[in-house]
Amino acid sequence: MRKKVFLASLTRFFLPVILAIESSCDETSVAVIEDGRVLSNIIANQTIHYEYGGVVPELASRAHQENIVPATTRALEYAGKSLEDLDAVGITIGPGLLGSLLVGVSFAKSLAYSLSLPLIQVNHMQAHVLAHFAEPPYPSFPFICLTVSGGHTQIVLVRSPAQMEVVGETLDDAAGEAFDKAGKIFGLGYPAGPLIDRHAKNHPPEIHFPHPQVPGLNFSFSGLKTAVLYHVQQHTAQNPDYVTKHIGVLCASLQQTIISILMKKLVQAAKELNIRHVAIAGGVSANSGLRQALQDAGIQHGWETFIPKFEYCTDNAAMIGIAAHFKYQNGDFSSLDITPSSRLPF
Ligand code: KG4
Ligand code: ZN
């Protein structure tokens, strides 16, 4: 009997099971990770925001409250695990919407406290980068990652899971924001990124939108939004059906402009830092044009390229679990009095 208990604890030591929770924006997600392997990754989307054309923070918090327990139950069931099997709880501590983060953090703390488990806080942006370790092939260190989401656009130099440095970032809007704001001008729903991706298919990017001149490895997207607005206003004044009739070309041109702004700086970063392993991450990395552009650049520049599976591009708890797993291995645990931060630095 004693031997059995000893063996069981040895197995637990080598195969830590982590329950990870993500609630930074409008996705309630819970995942179970065993020894760095994703067993389940439940994502509850909040459709309530569609009619408002953007995420309504108050509604997001309320929806997290409703979704978090069922998502946890499903994640455990799908993984074939119970609460007794857990070795740690991983949680997104920021950046994100404060009310949304608070729901996840409070729930994670309660779980860790009641089960006497260590709590592991995870930076959401670092987790997007580490999503590349959810499934092989894994990039080898050092690599660079273009992380493009609704709130951030960063080029990150990744030396190890614990050593990451932002070498370039947007000075204003994020790439995902550029998709979503232009989509609003085109009268598309929220989030507009996936819709623009779909409308752009098989259309020529004929319209020239200006490219910003930004020094170093930084980006700027606020001028693009204004250029799109002026273009649409000017053409609808002459032809009220302009957007409806030209939605394909408008989306293809906007998408192509965003991709070429992103890829120009990514190529520059790879050259300057002498890096050949290049990755993309974050919601916008689901974009078919950007995925193709990275593959093409890989062939052209002799890079090995890394593109996450779709479920690991947009917000998900599996990436939080992977980041928590690396911290677990380093014994990097958090105290139960941590509080979330909406503007958590990288
Ligand atoms: O990483 P994410 O799920 O949440 C944040 O942390 O922000 O990213 C959401 C962003 C939104 O702006 C959405 O429009 C964009 O990712 N997005 C896309 C695509 N799928 C999601 N943008 C362009 N093309 C897509 N296929
Ligand atoms: Zn995100």
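Above this text you will find the structure in question.
Residues numbered from 1 in each chain as written. Chains lettered and ligands numbered in written order. Predicted model: local features only at pLDDT ≥ 70, side-chain atom pairs only at ≥ 80, totals over all residues. Heavy atoms only, no water.

Asks: Please set out helix 7 (residues 222-238) residue by residue, giving values where relevant.
Replies: Compared with an ideal rise of 1.5 Å per residue, which puts 17 residues at 24 Å, helix 7 spans 25 Å between its outermost C-alpha atoms and is within 8% of the ideal. Within helix 7 the residues assigned to the buried category are Leu 224, Ala 227, Val 228, His 231 and Val 232. Along helix 7, the residues classed as buried sweep out an arc of 130° about the axis, all on the same side. Summarising the geometry of helix 7, the exposed residues directed more than 90 degrees from the buried face are Tyr 230, Gln 234 and Ala 237. (Helix = DSSP H or I, 4+ residues; strand = E, 2+ residues; numbered from the N terminus. Expected span 1.5 Å × (residues − 1). Buried < 20%, exposed > 50% of the residue type's maximum accessible area, 1.4 Å probe, protein only. Arc of directions from axis to C-beta.)

Asks: Any chance you could break down the pattern of salt bridges for me, citing the residues and the numbers?
Replies: Using the criterion set out here, one finds 11 salt bridges in the structure. The salt bridge partner of Asp 173 is Lys 181, with a shortest N-O separation of 3.5 Å. Residue class for Lys 181 comes out partly exposed when judged on its relative accessible area of 28%. We note a salt bridge from Lys 327 to Asp 332, for which the minimum N-O separation is 3.9 Å. Residue classification places Lys 327 among the partly exposed residues on the basis of a relative accessible area of 23%. Shared partners join several salt bridges into a network, and the residues in it are Asp 173, Glu 177, Lys 181 and Lys 225. (Salt bridge = Lys/Arg side-chain N within 4 Å of Asp/Glu carboxyl O.)

Asks: Before we move on, can you summarise the coordination of the zinc ion (ligand 2) with the specific residues and values?
Replies: Metal coordination angles have textbook ideals: 109.5 degrees for a tetrahedral set of four donors and 90 or 180 degrees for an octahedral set of six. Bound to the zinc ion (ligand 2) on the protein side are His 124 (NE2), His 128 (NE2) and Asp 315 (OD), at distances that span 2.0 to 2.1 Å. Seen from the zinc ion (ligand 2), its four donor atoms lie at angles of 94 to 148°, and the figure they make is irregular. Along the chain, the residues donating to the zinc ion (ligand 2) are arranged with the sequence spacing H-x3-H-x186-D. With a gap of four residues between them, His 124 and His 128 both fall in helix 4 (residues 124-130), about one helical turn apart. On the basis of relative accessible area, His 124 is assigned to the buried category, the value being 5%. (Donors = N, O, S within 2.8 Å, 3.2 Å for Na, K, Ca; no water. Tetrahedral: all angles 85-135°; square planar, octahedral: opposite > 155°, others 65-115°.)

Asks: Mind laying out the layout of surface pockets, listing which residues take part and the relevant values?
Replies: If you add up the space inside the largest pocket, you get close to 1500 Å³. Cys 25, Gly 150, Gly 151, Asp 180 and Tyr 190 are the residues nearest the centre of the largest pocket, which is lined by 48 residues in total. Secondary-structure elements contributing two or more residues to the lining of the largest pocket are strand 3 (37-45), helix 4, helix 5 (175-185) and helix 6 (192-200). No other element matches helix 5, which puts seven residues into the lining of the largest pocket. (1 Å grid on protein atoms, 1.4 Å probe; cavity = no way out; pocket = protein on both sides within 12 Å on 5 of 7 lines; lining within 4 Å. Points joined across faces, edges and corners; volume = space filled by probe spheres on them.)

Asks: Go over the packing of aromatic side chains, please, and point to the residues and values.
Replies: All chains considered together, the criterion is met by seven aromatic pairs. Seen in terms of ring centroids, Phe 141 and Phe 143 are 5.7 Å apart; in terms of plane orientation they differ by 35°. Their pairing is tilted. The rings of Phe 133, Tyr 138, Phe 141, Phe 143 and Phe 326 are connected pair by pair, giving a single aromatic cluster. One residue, Arg 291, lies across the ring of Phe 310, its end atom 4.1 Å from the ring centre. (Phe/Tyr/Trp six-rings, centres within 6.5 Å; stacked < 30°, edge-to-face > 60°. Lys NZ or Arg CZ within 6 Å of the ring centre and 35° of its normal.)

Asks: Give a description of the side chain of His 231 that names residues and reports values.
Replies: Among the secondary structure elements, His 231 is positioned in helix 7. By relative accessible area, which is 13% here, His 231 ends up buried. With near-sequence residues (within four places) excluded, His 231 lies in contact with Ile 207, Phe 209, Tyr 242 and Leu 250. (Contact = heavy atoms within 4.5 Å.)

Asks: Please give an account of the pairing of strand 8 (residues 163-169) that cites residues and values.
Replies: In this structure, strand 7 (residues 153-160) lies alongside strand 8, joined through six bridges in antiparallel fashion. From the neighbouring strand, Val 156 faces strand 8, where its bridge partner is Val 166. Once strand 7 ends, the chain turns through two residues before running back antiparallel as strand 8. (Pairing = 2+ DSSP bridges.)

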